[in-house]
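Okay, here's what each chain looks like letter by letter:
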Amino acid sequence: MEGMGAYTGTQMTSTEGVAPVGTSAPARRKRRMSGMSWIFIGLLVFFVCAAAFTALVSPIKTVRTVTAPIVKSYIGINEFKNTDRGVIIDSVTTPGGPADQAGLIGGDVILSFDGQPIQNEDQINDLMVRTPVGKTVDVEYLRDGEKKTAKLTTISCKTTVV
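Here the residue numbering is sequential within each chain, running from 1 through the sequence in written order. Given that the model is predicted, a residue must reach a pLDDT of at least 70 before its local features are reported, and side-chain atom pairs must reach 80 or more before they are shown or counted; all residues, however, enter totals for whole chains, interfaces and linings. Note that the side-chain values use all heavy atoms of the structure and ignore hydrogens as well as water.

Now for the nonpolar core. Membership of the largest hydrophobic core comes to 19 residues, with the highest contact counts inside it found for F80, I110, F113 and I124. Only runs of H or I of at least four residues qualify as helices and only runs of E of at least two qualify as strands under DSSP, and these elements are numbered from the N terminus. At the level of elements, β3 (87–89), α2 (98–102), β4 (109–113), α3 (121–130), β6 (136–143) and β7 (146–153) are the ones that each hand at least two residues to this core. Whether two residues are in contact is decided by their heavy atoms, any of which lying within 4.5 Å being enough. With near-sequence residues (within four places) excluded, F80 lies in contact with I75, V87, I88, I89, I110, E121, I124, N125 and M128. Residues enter a nonpolar core if they are buried and are Ala, Val, Leu, Ile, Met, Phe, Trp, Tyr or Cys, with the set joined through side-chain atoms within 4.5 Å. When accessible area is computed with a 1.4 Å probe and restricted to protein chains, residues below 20% of their type maximum are described as buried, those above 50% as exposed, and intermediate ones as partly exposed.

Looking now at the environment of A99. As for its placement among the helices and strands, A99 is situated in helix α2. Its relative accessible area of 0% is what places A99 among the buried residues. Along the chain, A99 and T153 lie 54 residues apart, while their C-alpha atoms are 8.6 Å from each other. Not counting chain neighbours up to four residues away, the residues in contact with A99 comprise I75, I77, V92, L104 and L152.

Within the secondary structure layout, T131 lies in the loop between α3 and β6. Classification of T131 as buried rests on a relative accessible area of 8%. Excluding residues that lie within four positions of it along the chain, T131 makes contacts with S73, F113, V137 and T154.

Here we take up the pattern of salt bridges. Criterion for a salt bridge: a side-chain nitrogen of Lys or Arg within 4 Å of a carboxyl oxygen of Asp or Glu. Counted according to the given criterion, the structure contains six salt bridges. Between K135 and D114 there is a salt bridge, with its nearest N and O atoms 2.9 Å apart. Pair noted here: K135 is in the loop between α3 and β6 and D114 is in the loop between β4 and β5 (116–117), with a separation of 21 residues, a long-range link. What makes K135 partly exposed here is its relative accessible area of 33%. Among the ionic pairs, K151 bridges to D138, the shortest N-O distance being 2.7 Å. Here K151 is found in strand β7, whereas its partner D138 is found in strand β6, with 13 residues between them in sequence. The class for K151 is exposed, based on a relative accessible area of 59%. Taking relative accessible area as the criterion, D138 reaches 35% and is therefore assigned partly exposed.

Structure representation (structure tokens):
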């Protein structure tokens, strides 16, 4: 049949990606990566770059700890407890020390130190750091409801601060 509407079969030659005529093998297609694969690759690249950046920056930002002895005044009392009127002496820890020689005992409430009213433990510790070693100071304290004053001379105490 050779008419205008007649079908004429064309034979294809074997080319890349197309199966030869007469074979049942499917044509090979290029596989595309899925979106999840791209996300995985992106995260992998991110973490590798972050690790490289950290490896470069870490040696630059080394933390240096300097231990320096600080000489502060010491009065022979290690612990104070806060009260509403001052600080209570927990106990006099150094026999023959400044607090012991001044007559202070555990349970006394320190109201002022070197003329400065005391509100809390941090304040008295700060005053002892700022008071020169060997200075004689007035300590106003409360014992059994009576206000008393004592004079004590500070001694040195070396502490290490990191």
